[in-house]
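Here's the letter readout for the chains.
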Amino acid sequence: MEKVLVSACFLGNPVRYNGTDLNVAEKVDTQAQAILDSWAKEGRIVSICPEVSGGLPTPRPPAELQLDGRVVDDTGEDVSSEFLKGAENALALCQRFNIKVAVLTESSPSCGSTLIYDGSFSNTKIPGKGITAKLLSENGIKVFSQFSLEEARAFLEKLEA
Ligand code: SF4
């Protein structure tokens, strides 16, 4: 059975920069929660918070990916090395469990898969990938967001057909 890498905050762990989780049933929908529940029951889920895994505390200052590729928090500190370490840890987990599918939290500078904040701390989103989503994609792992869990489930079914 194929395993799936899932962002830890998406599973109810309060590891976001502001010390909260991402309440799926509330912030996405109950169908998404049902898919997650079924994956958990099947023992498919492998979880990571790349930013915590990379050595950052919770809570932590919000950070955004800059145009030059660095990740900087809103105090001006460069946290690129922690973000990169977290991404490498996520990739290592995928390789260890032969994971081909990840569901990561949209818009995060680590986990965002189609949208990220633009680096100006002005609440502006632009198309792009976070550091972890990019590294996983470059290594052949299909990355979905919490808004495309149905697609992720269909992709898994095809892999197992
Ligand atoms: S790095 Fe990913 S898993 Fe961790 S809090 Fe941010 S979005 Fe969630």
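Everything discussed here concerns the structure shown above.
It should be emphasised that the depicted structure is a prediction, and the values quoted were computed from it without experimental measurement. (Residues numbered from 1 in each chain as written. Predicted model: local features only at pLDDT ≥ 70, side-chain atom pairs only at ≥ 80, totals over all residues. Heavy atoms only, no water.)

Every buried residue of helix α5 (residues 131-138) is listed here: I131, T132, A133, L135 and L136. Where α5 ends, the next residue or the one after it, G140, has phi of about 85°, a positive value. (Buried < 20%, exposed > 50% of the residue type's maximum accessible area, 1.4 Å probe, protein only. Helix = DSSP H or I, 4+ residues; strand = E, 2+ residues; numbered from the N terminus.)

Where helix α4 (residues 80-96) meets α5, the closest approach of the two axes is 8 Å, and the angle between their N-to-C directions is 40°. Classified by the interaxial angle, the pair formed by α4 and α5 is oblique. By crossing handedness, the relation of α4 to α5 is classed as right-handed. Contacts between α4 and α5 involve F83, L84, G86, A87, E88, A90, L91 and C94 on the former and, on the latter, I131, T132, L135 and L136. Grouping the constituent residues of the contact of α4 with α5 by class yields 9 nonpolar, 2 polar and 1 charged. (Axes fitted to C-alpha atoms, helices over the stretch in contact; angles between N-to-C directions. Parallel < 35°, antiparallel > 145°, perpendicular 65-115°, else oblique. Left-handed = near helix turned anticlockwise from the far one by under 90°. Contact = heavy atoms within 4.5 Å. Nonpolar A, V, L, I, M, F, W, Y, C, P; charged D, E, K, R; others polar.)

Cis rather than trans, the peptide bond between T58 and P59 has omega equal to -5°. Mapped onto the elements of the fold, P59 is located in the loop between α3 (50-53) and β3 (63-65). Here S107, not a glycine, exhibits a phi torsion of approximately 75°, which is positive. Counting through the fold element by element, S107 comes out in the loop between β5 (101-104) and β6 (115-117). Using a relative accessible area of 8% as the deciding quantity, one classes S107 as buried. Unlike most non-glycine residues, N123 shows phi in positive territory, near 65°.

Looking now at the environment of E51. With respect to the element layout, E51 can be found in helix α3. With 36 residues separating them in the primary sequence, E51 and V15 have C-alpha atoms 8.7 Å apart. Each residue touching E51, except ones within four places of it in the same chain, is listed here: L56, R60, F83, S108, P109 and S110. In this structure the side chain of E51 is engaged in a polar contact, spanning 2.9 Å, whose partner is the side chain of R60. (Polar contact = N/O pair within 3.5 Å; in protein donor to acceptor, adjacent residues only side chain to side chain.)

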